[in-house]
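# Breakdown of the fold
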Amino acid sequence: MEKCDVAIVGGGIAGLSVAKFLAEKGISFILLEEHNDFFKKPCGEGVIQKTMGYDFYELYGSKKGVEKEVWETIIYTSYGKISVEMPVVMTDKRAVEAELARQAKKGGEIRMGEKVKEIKDGILLPQQIKPKIIIGADGVFSIVRRYAGIKKPKCGMAVEAYSNEVDLDNEKCHVIMRKDVVKYGYAWYFPKKDKWNIGVGSLKKKYFKEGFEKFKKKNPGKEWRGAFVPLDKPLKSYGKNAILIGDAAAHVLATLGAGITTSMIVANIAASHIEKWAKNDYRNIEATLFEKEWRKTLGKYLKYSYYVKTLFFDVVKSEYLRHKLLAKMCRDTTNYYRKIMKK
Ligand SMILES: Cc1cc2nc3c(=O)[nH]c(=O)nc-3n(C[C@H](O)[C@H](O)[C@H](O)COP(=O)(O)OP(=O)(O)OC[C@H]3O[C@@H](n4cnc5c(N)ncnc54)[C@H](O)[C@@H]3O)c2cc1C
């Protein structure tokens with residue numbers, strides 16, 4: 001049996017971020033990632049730069065993998081175009097995850113190709129590792145969440161692919177929110193350095209399939225990658241000697257399906273609590289304080305996003321009213337970001 005202080009299950013954005021923050025605080029960890037490479041979970045690779053006072057660049061501490069900075073997104077509805085101004089950093093997510101791993105390795109151990117299959121009496125199996133604290137950063141189907149006795153979040157589905165054949169302004173992100181494209185969701189065209197990340201997602205499986213078929217026909221010959229996205233209110237994030245971050249606890253903006261910046265913020269908060277717990281050798285793990293702090297920082301914002309999603313897709317049925325509602329939200333968002341970015 002191998003003993004350690006902190007074990008992180010999952011080497012996506014959430015797991016690698018918490019590993020990096022722990023490394024910066026001199027706290028050792030073992031991170032177990034089932035794949036042998038990074039960026040195995042598909043993603044649109046667009047990062048919201050500013051969220052609730054946090055800045056992606058400050059959290060990330062690097063510019064590696066940053067491909068483009070986009071200020072404006074155009075949303076196409078059946079009733080016209082809506083512009084929203086918001087700083088989005090287009091990344092090469094594989095490079096970002098590799099860079100986070102590089103920074104994290106200074107303080108702990110990253111073991112690739114290690115799938116945790118079971119957690120029994122606090123022991124990770126088959127690795128036979130007994131940590132004092134387990135961090136579940138293992139995504140939407142989290143095994144750590146199951147161990148902690150927490151229910152699964154409601155999920156949507158999305159696919160993405162790369163394309164070189166998009167005839168749109170590549171200094172902007174483009175989002176299509178039209179029933180005839182996909183119901184209960186949206187399609188996106190996000191510009192990268194020399195290509196596009198394109199994709200489509202929906203809250204509902206049936207409409208996702210329908211939307212994807214149409215999108216595939218419109219964009220033939222691509223290598224599609226799909227996955228589930230938690231589109232729920234954030235979950236309770238602790239149980240037994242485990243805490244959860246990222247998709248595992250639905251730290252995702254449900255209106256957009258965006259979870260990169262929010263995962264990094266919770267990872268940052270988690271590391272500062274773990275630092276305190278380390279001081280008395282993890283004898284007094286006050287996970288409720290961790291939960292309280294991330295909820296204070298992000299809880300309202302995540303819940304608001306969930307309720308807007310519900311209002312938008314489940315309550316307002318008229319596409320015209322949705323257009324009007326969206327236009328109002330985009331104006332507010334633009335004003336907010338103009339103010340904080342002093343544009
Ligand atoms: C198609 C799509 C497009 C998206 N686009 C965007 C976007 O543009 N911007 C944005 O902000 N968000 C986007 N999201 C959401 C975003 O990708 C996630 O919220 C974010 O990546 C969550 O990171 P995570 O580390 O929590 O989870 P994941 O990225 O899922 O990482 C979990 C990791 O844990 C590993 N793992 C799982 N189980 C085990 C186990 N038992 N043992 C060991 N390892 C394990 C997995 O292999 C994986 O590497 C998108 C999601 C999808 C599906």
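Here the structure is shown first, and the text comes after it.
Below you will find a few notes about this structure. Since the structure is predicted, the reported quantities are computational estimates derived from the model, not experimental observations.

## Focus: the overall build of the chain
- Counting its regular elements, the chain contains eight helices and 18 strands.
- The globule rule puts the C-alpha radius of gyration for 343 residues at 20 Å, and the 20 Å found for the chain is close to it.
- Projecting the C-alpha coordinates of the chain onto the three principal axes gives extents of approximately 60 × 40 × 35 Å.
- Here the chain holds 343 residues, and 44% of them are scored as buried.
- The long-range fraction of contacts in the chain, counting pairs at least 24 apart against all pairs at least 6 apart in sequence, stands at 73%.

## Digging into the pairing of strand 13 (residues 172-176)
- As defined by bridge partners, strand 6 (residues 66-77) adjoins strand 13 across five bridges and the pair is classed as parallel. Directly across from T73, in strand 13, lies its bridge partner C173.
- With three bridges joining them, strand 13 and strand 14 (residues 185-191) adopt antiparallel strand pairing. Residue pairing in the sheet places V175 in a bridge with W188 of strand 14.

## Remarks on the packing of helix 6 (residues 260-279) against helix 7 (residues 287-315)
- Look at helix 6 against helix 7: their axes get within 9 Å of each other, and the N-to-C directions meet at 160 degrees. Classified by the angle between their axes, helix 6 and helix 7 sit roughly antiparallel to one another. For the element pair helix 6 and helix 7, the recorded crossing hand is right-handed. Seen from helix 6, the contacting residues are T262, I265, V266, I269, A270 and H273; seen from helix 7, they are L289, F290, E293, W294, T297, L298 and L302.

## Focus on the nonpolar core
- Ranked by internal contacts, the top residues of the largest apolar core, which has 93 residues, are V18, I135, I245 and A270.
- Residue contributions to this core peak at 10 residues, all from helix 6.

## Structural notes on the site of the ligand
- Around the ligand, 40 residues are found, and the nearest of them are G10, G12, G44, G246 and G259.
- Where the shell around the ligand is concerned, the elements lending two or more residues are helix 1 (13-24), strand 2 (30-33), strand 3 (46-48), strand 12 (155-163), strand 16 (225-230) and helix 6.
- Looking at side-chain class alone, the shell around the ligand contains 18 nonpolar, 13 polar and nine charged residues.

## So, the pairing of strand 2
- Burial along strand 2 is two-sided: the residues I30 and L32 and L31 and E33 are all buried.
- Where strand 2 lies against strand 8 (residues 109-112), four bridges are found, and the strand directions are parallel. When the bridges of strand 8 are listed, I30 appears paired with E109.

## Re helix 3 (residues 93-104)
- The end-to-end C-alpha separation of helix 3 is 16 Å, in line with the 16 Å expected for 12 residues at 1.5 Å each.
- Of the residues making up helix 3, those classed as buried are K93, V96, E97, E99, L100 and A104. What you see down the axis of helix 3 is that its buried residues fit within an arc of 160 degrees, all on one side.
- Where the residues of helix 3 are buried, they touch helix 1, strand 7 (80-91) and strand 8.

## Some words on helix 5 (residues 205-218)
- If you check helix 5, its first and last C-alpha atoms are 20 Å apart, about what 14 residues at 1.5 Å a residue would give, namely 20 Å.
- Of the residues making up helix 5, those classed as buried are F208, G211, F212 and F215. Buried residues along helix 5 cover an arc of 105 degrees about the axis, so they all sit on one side. Of the exposed residues in helix 5, the ones pointing more than 90 degrees away from its buried face are K206, K209, E213 and K217.
- Along its buried surface, helix 5 packs onto strand 12, strand 14 and strand 15 (196-202).

The rules behind the values
Residues numbered from 1 in each chain as written. Predicted model: local features only at pLDDT ≥ 70, side-chain atom pairs only at ≥ 80, totals over all residues. Helix = DSSP H or I, 4+ residues; strand = E, 2+ residues; numbered from the N terminus. Rg over C-alpha atoms; globule rule 2.2 N^0.38 Å. Buried ≥ 20, exposed ≤ 12 C-beta atoms within 10 Å, placed from the backbone. Contact = placed C-beta atoms within 7 Å. Pairing = 2+ DSSP bridges. Axes fitted to C-alpha atoms, helices over the stretch in contact; angles between N-to-C directions. Parallel < 35°, antiparallel > 145°, perpendicular 65-115°, else oblique. Left-handed = near helix turned anticlockwise from the far one by under 90°. Core = buried A, V, L, I, M, F, W, Y, C linked by C-beta atoms within 7 Å. Near = placed C-beta within 6 Å. Nonpolar A, V, L, I, M, F, W, Y, C, P; charged D, E, K, R; others polar. Expected span 1.5 Å × (residues − 1). Arc of directions from axis to C-beta.

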